[in-house]
Amino acid sequence: KMVVIHDILLERPQLHLERLEDSRATWVFNEEQQDKGKGSTPVIEQMRVDRATVRFIDALTKADMVAKLEDKASADDPRSLKFHVEGKFQAQPLKLSGETASLLLLRNVERSVPLGLKGTLGDTQLAIDGDIEGLVTFEGVNLHYDVRGASLALIGPYFGVPLPGSPKVSRE
């Protein structure tokens, strides 16, 4: 039998996710757990989130951040998930605000997902707007970005890429 939930509203949910230095993570309950196919997990057709809080701590990326989420799951708004994130990433202060597709649409890897965000990471200012096709595989990326910071060398580690030192950078 298949369980179908047509509409669910989560009011003020709180989620705490943490990854330790040995890579163990609170969101992995059983390393061998696999989806058993149709009917093994409920199908949720629509989910709305009212004032969610997600705390994420990661020893590997030196992250400690809190995200506030609001998702109206509106068919009229392709960017119905609004978010605000504050904390630290790579031990640097982080502050981001943005919007993207509803949480349930993010699971569809074949669909193009809109993304818009603005904020700061350390002394770097960034703004991104566009679409990502195949969110997991990044099959197609059409993003306009604006990155401003003191040097490329300071920006690279945030994205896991070594970059050379440079004078003040501004890239659109």
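Caption draft 1: Main features of the nonpolar core. One finds Leu69, Val85 and Leu94 to be the most contacted residues of the largest nonpolar core, which totals 25 residues. When residues of this core are traced back to their parent elements, those giving at least two are β5 (47-58), β6 (63-71), β7 (81-89), β8 (92-100), β9 (112-121) and β10 (124-133). Look past the residues within four positions of Leu94 in its chain and what remains in contact with it is Met65, Val85, Glu86, Gly87, Lys88, Phe89, Thr120 and Leu121.

Caption draft 2: Spatial organisation of the side chain of Thr61. Mapping Thr61 onto the fold places it in the loop between β5 and β6. Within the structure, the side chain of Thr61 is placed 3.2 Å from the side chain of Asp58, a separation counted as a polar contact. Those residues within four positions of Thr61 in sequence are excluded, and the remaining contacts are Arg19, Phe89, Gln90 and Ala91.

Caption draft 3: A look at the pattern of salt bridges. All told, the structure shown has 11 salt bridges when counted by the stated rule. A salt bridge links Asp50 to Arg51, with the nearest nitrogen and oxygen atoms 2.7 Å apart. Here Asp50 falls in the buried class, since its relative accessible area comes to 15%. Here Arg51 falls in the partly exposed class, since its relative accessible area comes to 42%. Several salt bridges share partner residues, and in doing so they unite Asp77, Arg79, Lys82, Glu99 and Asp129 into one network.

Caption draft 4: Representation of the packing of aromatic side chains within the structure. Across all of its chains, the model carries 1 aromatic pair by this definition. For the pair Trp27 and Phe56, a centre-to-centre distance of 6.2 Å together with 35° between the ring planes defines the contact as tilted. Linking Trp27 in the loop between β3 (14-19) and β4 (43-44) with Phe56 in strand β5, this pair joins segments that are 29 residues apart in sequence. For Trp27, a relative accessible area of 41% puts it in the partly exposed group. Residue Phe56 is classed as partly exposed on the basis of its relative accessible area, which comes to 23%.

Caption draft 5: Inspection of a nonpolar patch on the surface at higher detail. A contiguous nonpolar surface patch, about 210 Å² in accessible area, is contributed by Met2, Val4 and Val43. When you line up the elements, Met2 lands in the segment before β1 (4-5). Exposure remark for Met2: the relative accessible area of 43% places this residue in the partly exposed category.

Caption draft 6: Fine view of unusual backbone geometry. Phi angles above zero are rare outside glycine, and Lys62 is one such case at about 50°. Secondary-structure assignment places Lys62 in the loop between β5 and β6. What makes Lys62 exposed here is its relative accessible area of 53%. With phi around 55°, Gln90 is a residue other than glycine that occupies positive phi space.

Caption draft 7: Representation of the environment of Glu70 within the structure. You can see Glu70 is positioned in strand β6. On a C-alpha basis, the gap between Glu70 and Arg51 in space is 5.2 Å, while along the polypeptide they are 19 residues apart. Contacts of Glu70, omitting those with residues within four sequence positions, involve Val49, Asp50, Arg51, Ser80, Leu81 and Lys82. From its side chain, Glu70 meets the backbone nitrogen of Arg51 in a polar contact 2.9 Å long.

Caption draft 8: Molecular detail of the confidence of the model for the chain. Across the chain, the average pLDDT comes to 83, with 87% of residues at 70 or higher. Strand β12 (residues 169-171) is the least confidently modelled element of the chain, averaging 70 in pLDDT, while β7 averages 95, the highest of any element.

Cut-offs and rules
- Residues numbered from 1 in each chain as written.
- Predicted model: local features only at pLDDT ≥ 70, side-chain atom pairs only at ≥ 80, totals over all residues.
- Heavy atoms only, no water.
- Core = buried A, V, L, I, M, F, W, Y, C linked by side-chain atoms within 4.5 Å.
- Buried < 20%, exposed > 50% of the residue type's maximum accessible area, 1.4 Å probe, protein only.
- Helix = DSSP H or I, 4+ residues; strand = E, 2+ residues; numbered from the N terminus.
- Contact = heavy atoms within 4.5 Å.
- Polar contact = N/O pair within 3.5 Å; in protein donor to acceptor, adjacent residues only side chain to side chain.
- Salt bridge = Lys/Arg side-chain N within 4 Å of Asp/Glu carboxyl O.
- Phe/Tyr/Trp six-rings, centres within 6.5 Å; stacked < 30°, edge-to-face > 60°.
- Patch = residues over 30% accessible without salt bridge, like charges linked within 9 Å, V, L, I, M, F, W, Y side chains within 5 Å.
- Areas by Shrake-Rupley, 256 points an atom, 1.4 Å probe, with all protein chains shown as cover.
- pLDDT = per-residue confidence, 0-100.

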